[in-house]
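# Residue-level structure breakdown
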Amino acid sequence: QKEVEQNSGPLSVPEGAIASLNCTYSDRGSQSFFWYRQYSGKSPELIMFIYSNGDKEDGRFTAQLNKASQYVSLLIRDSQPSDSATYLCAVRSYNTDKLIFGTGTRLQVFP
Amino acid sequence: DTAVSQTPKYLVTQMGNDKSIKCEQNLGHDTMYWYKQDSKKFLKIMFSYNNKELIINETVPNRFSPKSPDKAHLNLHINSLELGDSAVYFCASSQGSRGELFFGEGSRLTVL
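In what follows, the accompanying structure is described.

Analysis parameters
- Residues numbered from 1 in each chain as written.
- Chains lettered and ligands numbered in written order.
- Predicted model: local features only at pLDDT ≥ 70, side-chain atom pairs only at ≥ 80, totals over all residues.
- Heavy atoms only, no water.
- Salt bridge = Lys/Arg side-chain N within 4 Å of Asp/Glu carboxyl O.
- Buried < 20%, exposed > 50% of the residue type's maximum accessible area, 1.4 Å probe, protein only.
- Disulfide = S-S within 2.5 Å.
- Helix = DSSP H or I, 4+ residues; strand = E, 2+ residues; numbered from the N terminus.
- Contact = heavy atoms within 4.5 Å.
- Buried area = accessible area lost by both parts, 1.4 Å probe.
- Nonpolar A, V, L, I, M, F, W, Y, C, P; charged D, E, K, R; others polar.
- Pairing = 2+ DSSP bridges.
- Phe/Tyr/Trp six-rings, centres within 6.5 Å; stacked < 30°, edge-to-face > 60°.
- Lys NZ or Arg CZ within 6 Å of the ring centre and 35° of its normal.

## Concerning the pattern of salt bridges
All names here are of chain A. A full pass over the atoms with the stated rule returns eight salt bridges over all chains. One salt bridge in this structure joins arginine 37 and glutamate 45, with 3.2 Å as the shortest N-O distance. The exposure class of arginine 37 is buried, given its relative accessible area of 16%.

Dropping the structure here:
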């Protein structure tokens, strides 16, 4: 079992729709969770982080965390073509401090 | 000013050669990392340094040798390059080992 799992996609959504990106993790000791966006040929950039169960909103982005289910998601409201990128879920273990990345989900937003 | 900068951005070299990648950060962070991203976009941690001390050393061939002369710099030297070393190598930094990571632009290594 991979430590952090994501559906590779592509996830295709029309402009203006809500894109839902999901991630599961195996280490129950994980304490902090991150979403990075990576445009093709570019470096990953941090979008959001979440530490506590529940929802965290920042503009059009909402991160959701459910530690009991070992599940974290990212919702993008009013998706724009400029949101087309690969979204990487990353999980930090409390014990090792290592930030472990999933393989990413490719999102395509079409006009 | 670029926060985390890597040089060179591109390296093309023959198998068996040795190459180095340099990284510098001006964010005042105390922790720096090397990550490798393969052709399937999987980003895997290789090394981490905190204040020049090695704190994470993943299962990486000993042909890879990181060096941190000070907390703002982290270099990666690779000996006897192999085809499988072809990847994009990202340097990153954070404040503390639990802080958010800021990535450099990456160095694309192609081994022929």
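The rest of the description comes next.
## Describing the state of the cysteines
On inspection of all chains with the given rule, the structure shows two disulfides over all chains. Bridging A:Cys23 to A:Cys89, the disulfide has an S-S length of 2.1 Å. The chirality of the disulfide connecting A:Cys23 with A:Cys89 is left-handed, given an S-S dihedral of about -70°. Here the residue A:Cys23 occupies a position in strand β3 (residues 19–25), and A:Cys89 occupies one in strand β9 (residues 85–93), the gap between them amounting to 66 residues. A:Cys23 gets classed as buried once you look at its relative accessible area, which sits at 1%. By relative accessible area, which is 0% here, A:Cys89 ends up buried. One disulfide in the model links B:Cys23 with B:Cys91; its S-S distance is 1.9 Å. Judged by the sign of its S-S torsion, about -80°, the bond between B:Cys23 and B:Cys91 is left-handed. A residue pair is termed long-range when its members are at least 10 positions apart, and B:Cys23 in strand β3 (residues 19–25) and B:Cys91 in strand β9 (residues 87–94) qualify at 68 residues. Comparing B:Cys23 with B:Cys91 shows no difference in burial state: the two are buried.

## Here's the deal with the interface of chain B and chain A
Contact residues are listed per partner, giving 19 residues for chain B and 18 residues for chain A. Taken together, the two surfaces of chain B and chain A that pack against each other cover about 1,600 Å², and 53% of this comes from carbon and sulfur. Three residues stand out in chain B for area buried against chain A, namely B:Arg98, B:Glu100 and B:Phe103, and they jointly supply 32% of the buried area on that side. At the boundary of chain B with chain A, the tally comes to one salt bridge. A salt bridge links A:Lys98 to B:Glu58, with the nearest nitrogen and oxygen atoms 2.8 Å apart. When residues of the side of chain B that touches chain A are traced back to their parent elements, those giving at least two are β4 (31–37) and β5 (43–50) of chain B. Ranked by residue count, the leading element in the side of chain B that touches chain A is β4(B), at three residues. For the side of chain B that touches chain A, a count of residues per class yields nine nonpolar, four polar and six charged.

## Re the environment of B:Ser39
Secondary-structure assignment places B:Ser39 in the loop between β4 and β5. On a C-alpha basis, the gap between B:Ser39 and B:Lys71 in space is 30 Å, while along the polypeptide they are 32 residues apart.

## Looking at the side chain of A:Thr86
With respect to the helices and strands, A:Thr86 occurs in strand β9. Contact partners of A:Thr86, with chain neighbours within four places excluded, come to A:Tyr36, A:Arg37, A:Gln38, A:Gly104, A:Thr105 and A:Arg106.

## Notes on the pairing of β4(B)
Residue and element names in this part refer to chain B. Burial analysis of β4 places six of its seven residues in the buried class, the great majority of the element. Sheet topology note: the β4/β5 ladder contains seven bridges and is antiparallel. Among the inter-strand pairings, threonine 31 is bridged to a residue of β5, identified as asparagine 50. Between β4 and β5, which pair antiparallel and follow one another directly, the connecting turn spans five residues, one of which, lysine 41, has a positive phi of 75°. By the bridge criterion, seven bridges tie β4 to β9 in an arrangement that is antiparallel. By the bridge assignment for β9, tryptophan 34 is matched with cysteine 91.

## Quick word on the packing of aromatic side chains
Geometrically, a pair of aromatic rings is defined through the distance of the ring centres and the angle of the planes. Taken as a whole and judged by the stated rule, the model has 12 aromatic pairs over all chains. Pairing A:Phe101 with B:Tyr35 gives two aromatic rings, centres 5.5 Å apart and planes at 90°, and the pair type is edge-to-face. You can see A:Phe101 sitting in strand β10 (residues 99–101) and its partner B:Tyr35 sitting in strand β4, one on each of two chains. Note on accessibility: A:Phe101 and B:Tyr35 belong to one class, buried. Among the aromatic residues, ring-to-ring pairing joins A:Tyr36, A:Phe101, B:Tyr33, B:Tyr35, B:Phe90 and B:Phe103 into one connected group. Its guanidinium or amino end placed over the ring of A:Phe49, A:Lys56 lies 3.6 Å from that ring's centre, counting from NZ or CZ. One Lys or Arg, A:Arg60, reaches over the ring of A:Phe61 and ends 5.5 Å from the middle of that ring.

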